[in-house]
Amino acid sequence: MQPIVHYSLHFLVPGLIGYIFFRKEWKKAWLLIILTMLVDFDHLLADPIFSPNRCSINFHPLHTYYAMIGYVILLFFSKTRIIGIGLLFHMFTDYQDCLWMKFY
């Protein structure tokens, strides 16, 4: 069930976010939010690269609270707002994995 929730949040919900908040350009917003998944390239720095029992939040460099402060700053500028939303939603989605590990 966890992978279904995780990947639905990564791929389907961004379309919904784009449609609700950026209706005129929802396809562009959806694409930009999906592209923020490139932040996961920081997983390549970890050893092992993938660990199903690892919480990404505050482990990978671009998933730290310091990085998230930068993502919040992106919200204040209209040209970077969608990217900031995408990055923060990505962090929220990855945080869901941490909760799954804690409770299941």
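Remember, it's a predicted structure, so these values are computed and weren't measured experimentally.

What counts and what doesn't
- Residues numbered from 1 in each chain as written.
- Predicted model: local features only at pLDDT ≥ 70, side-chain atom pairs only at ≥ 80, totals over all residues.
- Heavy atoms only, no water.
- Helix = DSSP H or I, 4+ residues; strand = E, 2+ residues; numbered from the N terminus.
- Buried < 20%, exposed > 50% of the residue type's maximum accessible area, 1.4 Å probe, protein only.
- Phe/Tyr/Trp six-rings, centres within 6.5 Å; stacked < 30°, edge-to-face > 60°.
- Lys NZ or Arg CZ within 6 Å of the ring centre and 35° of its normal.
- Core = buried A, V, L, I, M, F, W, Y, C linked by side-chain atoms within 4.5 Å.
- Contact = heavy atoms within 4.5 Å.

### Considerations on unusual backbone geometry
Turning to step 1, where the next piece is worked out: Of note, the bond from D47 into P48 is cis; its omega dihedral lies within 30 degrees of zero at 0°.
Turning to step 2, where the next piece is worked out: Relative to the assigned elements, P48 resides in the loop between α2 (26-35) and α3 (65-74).
Turning to step 3, where the next piece is worked out: Positive phi is not limited to glycine here, since N58 has a value of about 65°.
Turning to step 4, where the next piece is worked out: For N58, the location among the structural elements is in the loop between α2 and α3.
Turning to step 5, where the next piece is worked out: Note on N58: relative accessible area 44%, which makes it partly exposed.

### Here's the deal with the packing of aromatic side chains
Turning to step 1, where the next piece is worked out: On inspection of all chains with the given rule, the structure shows three aromatic pairs.
Turning to step 2, where the next piece is worked out: Centroid distance Y19 to W26: 5.9 Å. Interplanar angle 85°. Geometry classified as edge-to-face.
Turning to step 3, where the next piece is worked out: According to the relative accessible area criterion, Y19 is partly exposed, its value standing at 38%.
Turning to step 4, where the next piece is worked out: Relative accessible area serves as the criterion here: at 26%, W26 is assigned to the partly exposed category.
Turning to step 5, where the next piece is worked out: Judged by centre distance (5.8 Å) and plane angle (25°), the rings of W26 and W30 are stacked. Of this pair, W26 and W30 are both found in helix α2, four residues apart, which corresponds to roughly one turn of the helix.
Turning to step 6, where the next piece is worked out: Grouped by ring-pair contacts, the aromatic residues Y19, W26 and W30 constitute a single cluster.
Turning to step 7, where the next piece is worked out: The lysine or arginine in question, R23, covers the ring of Y19, its NZ or CZ lying 4.4 Å from the ring centre.

### Details of the nonpolar core
Across soluble globular proteins, nonpolar side chains show a tendency to be buried alongside one another.
Turning to step 1, where the next piece is worked out: Counting residues in hydrophobic clusters, the biggest one holds eight residues: V39, I57, A67, M68, Y71, L87, M91 and C98.
Turning to step 2, where the next piece is worked out: At the level of elements, α3 and α4 (81-103) are the ones that each hand at least two residues to this core.
Turning to step 3, where the next piece is worked out: In this structure, L9, A29, I82 and F89 belong to the second largest nonpolar core, which totals six residues.

### Focus: the side chain of T36
Turning to step 1, where the next piece is worked out: Relative to the assigned elements, T36 resides in the loop between α2 and α3.
Turning to step 2, where the next piece is worked out: Among residues more than four places away in sequence, those in contact with T36 are I83, G86, L87 and H90.

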